[in-house]
Amino acid sequence: QVHLVESGGGLVQAGGSLRLSCVSSGSVYTIGAMGWYRQAPGKQRELVATVTNGGDTNYADQVKGRFIISRDKARNTVILQMSSLKPEDTAVYYCAAGPYIPTDSRTFPYWGRGTQVTVSS
């Protein structure tokens, strides 16, 4: 079992930056990839970015060029550096982890409780 705890959310003005962190504990040796998802009110949860243990990254089109995901394996942490934030980035951001990158038929098995990000216009 893997336990994930997010931090770093908050209120920021449009154009600003925030840095989200997610610390993992428990059976961290089972983690092959980690990611960030977000869910805005009234909308479905969507993928933001993923990173593998090997450092391969993937981003949703809406955040490319603005967000950077990185992994600190020594500290069992994944970071999401968000810049040029827009009001439409407002959502609860969730950290997720698992042995593999998710596919259409397979999702991450481990999830954090989420951290609120609010971007004001």
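The structure under discussion appears in the preceding block.
Colleague: Would you explain the state of the cysteines in this entry?
Modeller: Linking two cysteines covalently through their sulfur atoms gives a disulfide. Taken as a whole and judged by the stated rule, the model has one disulfide. The side chain of C22 participates in a disulfide bridge whose partner is C95; the two sulfur atoms lie 2.0 Å from each other. Across the S-S bond linking C22 and C95, the dihedral sits near -80 degrees, which makes this disulfide left-handed. With a gap of 73 residues between them, C22 in strand β3 (residues 18-26) and C95 in strand β9 (residues 91-98) connect regions that are remote in the sequence. Of the residues examined, C22 reaches a relative accessible area of 0% and is grouped as buried.

Colleague: Looking at this structure, how should I read the environment of S121?
Modeller: Locating S121 in the fold gives a position in the segment after β11 (115-120). Along the backbone, S121 and A14 are 107 residues apart, and their C-alpha atoms lie at a distance of 5.3 Å. Not counting residues up to four positions away in its chain, the partners in contact with S121 are A14 and P87.

Calculation rules
- Residues numbered from 1 in each chain as written.
- Predicted model: local features only at pLDDT ≥ 70, side-chain atom pairs only at ≥ 80, totals over all residues.
- Heavy atoms only, no water.
- Disulfide = S-S within 2.5 Å.
- Helix = DSSP H or I, 4+ residues; strand = E, 2+ residues; numbered from the N terminus.
- Buried < 20%, exposed > 50% of the residue type's maximum accessible area, 1.4 Å probe, protein only.
- Contact = heavy atoms within 4.5 Å.

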